[in-house]
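Structural overview for review
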Amino acid sequence: MHAKVIRYFVEVVRAGSIRKAAEQLHVVPTAVNRQILNLEEELGAPLFERIHNTLKLTPVGEIVLAHARGTLREFDLVRQRIEAMRGLRQGEVTLATTAGLADAFLPAVVQRFREAHPGIQLKLLGLPIAAVLRSVSEGDADLALAYDVPGTAGFRTLFTSEWPIGAVVPAGHPLTAHATTVLAECVGYPLILPAPSLSIRPILDAAFGRSAINVSPVIETTSTALMRRLVRQGGGITLLNRLDVDEERQDGSLVFIPLRDATLRAQTLTLETRAAQAPSPAAELFANHVVTCLDELLAT
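In this report, we go over the structure that sits alongside the text. (Residues numbered from 1 in each chain as written. Predicted model: local features only at pLDDT ≥ 70, side-chain atom pairs only at ≥ 80, totals over all residues. Heavy atoms only, no water.)

Quick look at helix α9 (residues 200-210)
Those residues of α9 not exposed but buried are I200, R201, I203, L204, A207 and F208. For α9, the angular spread of the buried residues around the axis is 160 degrees, confining them to a single face. With respect to the buried face of α9, the exposed residues turned more than 90 degrees away are G209 and R210. The inward-facing, buried residues of α9 contact β7 (165-170), α8 (183-186), β8 (191-194), β9 (219-221), β10 (237-241) and β12 (267-274). (Buried < 20%, exposed > 50% of the residue type's maximum accessible area, 1.4 Å probe, protein only. Helix = DSSP H or I, 4+ residues; strand = E, 2+ residues; numbered from the N terminus. Arc of directions from axis to C-beta. Contact = heavy atoms within 4.5 Å.)

Describing the pattern of salt bridges
Taken as a whole and assessed by the stated rule, the structure comprises 13 salt bridges. A salt bridge links D148 to R265, with the nearest nitrogen and oxygen atoms 3.2 Å apart. Of this pair, D148 sits in the loop between β5 (143-147) and β6 (155-163) while R265 is found in the loop between β11 (254-258) and β12, placing the two residues 117 residues apart along the sequence. Judged by relative accessible area, R265 falls into the partly exposed class, the value being 45%. Put simply, D103, R228, R232 and E248 are held in one network by salt bridges that share partners. (Salt bridge = Lys/Arg side-chain N within 4 Å of Asp/Glu carboxyl O.)

Quick notes on the pairing of β8
Two faces belong to every sheet, and in a regular strand the side chains alternate between them. As paired elements, β8 and β10 share two bridges and run parallel to each other. By the bridge assignment for β10, L191 is matched with I237. With three bridges joining them, β8 and β9 adopt parallel strand pairing. Its bridge partner lying in β9, L193 is registered against E220. Where the polypeptide runs from β8 across α9 and back to β9, its parallel neighbour, the crossover connection is right-handed. (Pairing = 2+ DSSP bridges. Right-handed = clockwise from strand over helix to strand, strands pointing away.)

A look at the sheet that holds β7
Ordered in space as β9-β8-β10-β7-β11, the five strands form an open sheet in which the pairing is mixed. Two strands lie at the open edges of the sheet, namely β9 and β11, each paired on one side alone. Sheet twist, expressed as the mean angle between neighbouring strand axes with direction ignored, is 30 degrees. Relative to β10, β7 is paired through four bridges, and the arrangement is antiparallel. Residue A167 lies in a different strand from β10, and its bridge partner there is L239. Most of the contacts of α9 go to β8, to which it runs at about 125 degrees, and overall it touches β7, β8, β9 and β10. (Axes fitted to C-alpha atoms, helices over the stretch in contact; angles between N-to-C directions.)

Quick word on the sheet that holds β12
Pairing within the open sheet is mixed, and its five strands lie in the order β4-β3-β5-β12-β6. Looking along the sheet, the strands with just one partner apiece sit at the ends: β4 (120-126) and β6. Here the strands of the sheet are splayed against their neighbours by 20 degrees on average, with no regard to which way each runs. The pairing of strand β3 (residues 91-97) with β5 spans three bridges and is classified as parallel. Across the sheet, T97 pairs through a bridge with L145, a residue of β5.

Looking at the layout of surface pockets
In this structure, the largest pocket encloses a volume near 1,000 Å³. Around the largest pocket, the lining is made up of 32 residues, and of these R14, L72, D76, E92 and G139 lie nearest the centre. The set of elements that each furnish at least two residues to the lining of the largest pocket consists of α1 (3-15), α4 (59-85), β3, β4 and β12. Taken together, the residues that form the lining of the largest pocket break down as twelve nonpolar, seven polar and 13 charged. One number sums up the size of the second largest pocket: a volume of about 440 Å³. If you trace the second largest pocket, you find 24 residues lining it, with T98, A99, G100, L198 and S199 closest to the centre. Elements supplying a minimum of two residues to the lining of the second largest pocket: α5 (99-104), β5, α9 and α10 (224-232). (1 Å grid on protein atoms, 1.4 Å probe; cavity = no way out; pocket = protein on both sides within 12 Å on 5 of 7 lines; lining within 4 Å. Points joined across faces, edges and corners; volume = space filled by probe spheres on them. Nonpolar A, V, L, I, M, F, W, Y, C, P; charged D, E, K, R; others polar.)

Quick look at the structure:
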């Protein structure tokens, strides 16, 4: 299939309508519609069902979509490898990650990478964990960085690291009098806990349950940035891993106190890519940079 047809078709699938796809492609809707109709005529079968002003892929459309995405991935890989052969420090990398990592860990990582490789464009997608993995498997992202990723076929792990959980408190808090603490001591203070939808919460709930500790958080939120801000303002304490609060730990605005409870396991952070094909040169370069930054933090 012609490259334009592939681009138009994939964009229609993403946008869900001819009009929205045309806006993204900066063309008139009739141009997009004509390409889709020509493709359907060539294949001898409809690609979409029109249901209540929305487009739904037919079984034939699903087959064509898989082919189109694979073709675009292969073309992008070829283009980036040619650029690498020419010595052009250019390319594009898409990283799918969770909102907490995008807010706490990645800003400094991205800044360092951009300073070293200004010709490479980065796209960072903050998504729920299921969507993080799906974006990589479907080819919308090159890399996935997330905690406690379930073992899934079709992925290759590039790096794994363990990040113990601790109490996060403001400077001068009574818990800072000791190098470590336990969950039983934490519940004596107002607790600001991650919402159940975050990957850290089941770990905490399991540890509280095994230790027979009743918990009544004063605040639950999906935003680790909000947790840290509330702790800085004196609204209570929270429970996160060290990577979540590394910036505040270094500037002294928050203190991370490791939890020594035997019932509490660490969070596992992994960097993943598709197993079916090697990352592009730009993606591999960024992946190596992320691993270097994580190694540096683990060594501190």
